[in-house]
Amino acid sequence: MAFELILTETNENILQITLNRPKALNALNRQLAEEIILALRDADKDPTIGCIIITGSEKAFAAGADIKEMHEHTFPEMYDLDWFSEWDQISQIRTPIIAAVSGYALGGGCELALMCDFILASETAKFGQPEISLGIMPGIGGTQRLTRIIGKSKAMEMCLTGRFMDAHEAEKAGLVSRITAPENLLEEAKQTAKKIATFSKPIVQMAKESVNRSYETSLSEGVRFERRLFHAMFSTADQKEGMSSFIEKREAIFNDK
Ligand code: DAK
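Residues numbered from 1 in each chain as written. Predicted model: local features only at pLDDT ≥ 70, side-chain atom pairs only at ≥ 80, totals over all residues. Heavy atoms only, no water.

A.B. asks: Mind laying out helix 9 (residues 201–213), listing which residues take part and the relevant values?
C.D. replies: Along its 13 residues, helix 9 runs 18 Å from first to last C-alpha, staying within 8% of the 18 Å computed at 1.5 Å per residue. Within helix 9, the full set of buried residues consists of Lys 201, Val 204, Gln 205, Met 206, Lys 208 and Ser 210. Contact partners of the buried residues in helix 9: strand 5 (97–101), helix 8 (185–198) and helix 10 (219–232). (Helix = DSSP H or I, 4+ residues; strand = E, 2+ residues; numbered from the N terminus. Expected span 1.5 Å × (residues − 1). Buried < 20%, exposed > 50% of the residue type's maximum accessible area, 1.4 Å probe, protein only. Contact = heavy atoms within 4.5 Å.)

So, in structure tokens, the structure goes:
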């Protein structure tokens, strides 16, 4: 399918999805949301893709859900359309997803970044859940994922006041993994994605699943889950290759088996 609101570019085994609605600061209308999800699902089915980067422009990763598109909707319409429920599919994607964020990541834009596996931010990044000023509240995980990541006090303040968090505060709070200069953001994201894609795909996916499990289960269940996956890895050729390469002092060549 030809996309209109995103640009996709595959380089070696990395897919880059660039949100491309510059006049609306990448506000997430339904078409943009559908295109992102379709691109993610296609990439996830493609065995040659080892990592995905989602990014926006220098001014905006995404300034939120499209206020102009949704403002006239009634409750029955929102309910009938099950507005934005398709975003749940992002958490089913097994391929690692890096959010490379410059500029505004607000409302649904912040929530999209939170649905990725980790966030690399440029010094210009601003995160916020300003929905309260529109007479609504976050609706695609902002009150939930943000709270789990940065804790109640900061999440509550952001959701209740709409205050933006800059890149440095976001890094200190654990929302972003690293900050780069704006001009280096994409290169850093690509290098990081490339590194991930050199490893065994099934092992990477199991590690992602295990980290994500920590948000959904008790510590003892999570540790048990982790241990079982760890044991299962000894049935893969890539575990044999990885450990043999260390012993033989050579680079590992993983075959995703
Ligand atoms: N929606 C639609 N258009 C937007 C937009 C948005 N979220 N953000 C910006 N734009 C448009 C502006 O209207 C403007 O268009 P024109 O007037 O030129 O036609 C253009 O982008 C440039 O914006 P500005 O002129 O405002 O640019 P500035 O640099 O002055 O300001 C800004 C940048 C990001 C501070 C400002 O644009 C802003 O405050 N934007 C709104 C941010 C916001 O409130 N975001 C949260 C949106 S609500 C749901 C779950 C969740 C959600 C919805 C449903 N369900 C479960 C049902 C999510 C809700 C949200 O995300």
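A.B. asks: Which residues make up the pairing of strand 2 (residues 14–19), and what are the values?
C.D. replies: Counting buried positions along strand 2 yields six of six residues, so the element is predominantly enclosed. Going residue by residue along strand 2, you find Ile 14, Gln 16 and Thr 18 tucked away on one face and Leu 15, Ile 17 and Leu 19 tucked away on the opposite face as well. For strand 1 (residues 6–11) and strand 2, the ladder comprises six bridges, and the chain directions are antiparallel. Across the sheet, the residue bridging to Leu 7 is Thr 18, located in strand 2. (Pairing = 2+ DSSP bridges.)

A.B. asks: Describe the pattern of salt bridges, listing the residues and the values that go with them.
C.D. replies: With the rule as written, the count across this model stands at eleven salt bridges. Salt-bridge contacts for Arg 21 lead to Asp 66; the nearest nitrogen and oxygen are separated by 2.7 Å. With Arg 21 in the loop between strand 2 and helix 1 (30–45) and Asp 66 in the loop between strand 4 (60–62) and helix 2 (67–70), this residue pair connects regions lying 45 residues apart in the sequence. Here the two residues Arg 21 and Asp 66 agree in accessibility, since each one is buried. Note that Lys 208 is salt-bridged to Asp 117, the shortest N-O span being 2.7 Å. (Salt bridge = Lys/Arg side-chain N within 4 Å of Asp/Glu carboxyl O.)

A.B. asks: Got a sec to walk through the site of the ligand? Specific residues and values, please.
C.D. replies: Not every one of the 23 residues close to the ligand is listed here, only the nearest: Lys 59, Ala 63, Ala 65, Lys 68 and Gly 108. Ala 63 places a main-chain nitrogen or oxygen 2.9 Å from a nitrogen atom of the ligand. A distance of 2.8 Å separates an oxygen atom of the ligand from a polar backbone atom of Gly 108. Relative to its free-state accessible area of 1100 Å², the ligand is covered by the protein chains to the extent of 66%. Where the shell around the ligand is concerned, the elements lending two or more residues are helix 2 and strand 6 (104–106). (Near = heavy atom within 4 Å. Polar contact = N/O pair within 3.5 Å; in protein donor to acceptor, adjacent residues only side chain to side chain. Areas by Shrake-Rupley, 256 points an atom, 1.4 Å probe, with all protein chains shown as cover.)

Don't take any of this as a statement about function, it's just geometry.
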